[in-house]
Amino acid sequence: ASGNMDIIYRRPRLTKRTGIRKSQLRKGRRMYAILRRHEKVHGRYYKQLAKQVHSALARKRTARNCSEIDRWAKETVSKLSAANVRKNLRFETLDRPNFRKMRRIYRGS
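Procedures and definitions
- Residues numbered from 1 in each chain as written.
- Predicted model: local features only at pLDDT ≥ 70, side-chain atom pairs only at ≥ 80, totals over all residues.
- Heavy atoms only, no water.
- Helix = DSSP H or I, 4+ residues; strand = E, 2+ residues; numbered from the N terminus.
- Buried < 20%, exposed > 50% of the residue type's maximum accessible area, 1.4 Å probe, protein only.
- Contact = heavy atoms within 4.5 Å.
- Areas by Shrake-Rupley, 256 points an atom, 1.4 Å probe, with all protein chains shown as cover.
- Patch = residues over 30% accessible without salt bridge, like charges linked within 9 Å, V, L, I, M, F, W, Y side chains within 5 Å.
- Salt bridge = Lys/Arg side-chain N within 4 Å of Asp/Glu carboxyl O.

A.B. asks: What am I meant to see in the overall build of the protein here?
C.D. replies: The helix and strand tally for the protein stands at three helices and zero strands. If you list the helices and strands of the protein from N to C, you get α-α-α. Taken along the three principal axes of its C-alpha coordinates, the protein extends 65 × 30 × 15 Å. With 109 residues in all, the protein has 18% of them scored as buried. Restricting the contact set of the protein to residue pairs at least 6 apart, pairs at least 24 apart contribute 70%. Counting every atom, the protein has about 9100 Å² of accessible surface; 51% of that belongs to carbon and sulfur.

Here you go:
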């Protein structure tokens, strides 16, 4: 088993040319810095998931037929993915203070 993973982080580009005032530009940059750190953690979790899936699939040595290994692989990926979803949701809860911080930056308080 082999695979590739590319994680692309996209966000709108804030520039003076788009008619944004300097103060808004500064706020946007501060907010994006917080959001970038947050999303990088999710990216790290997905990279860990990919390594776990690869390791699990590489450990499976024997099967009676293709459908058996296919079923086992689907179950394995499903279990690992469910654990990854729980991990990401837990992180969302723990990282709420940063979203409150972004809200304060946005509101200007």
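On we go.
A.B. asks: Where do I start with a nonpolar patch on the surface in this structure?
C.D. replies: A grouping of Met5, Ile7, Tyr9 and Tyr46 is seen on the molecular surface, where their side chains present a nonpolar patch of about 340 Å² in accessible area. Considering the arrangement of structural elements, one finds tyrosine 46 in helix α1 (residues 22–59). On the basis of relative accessibility, which here comes to 36%, the residue tyrosine 46 falls in the partly exposed class.

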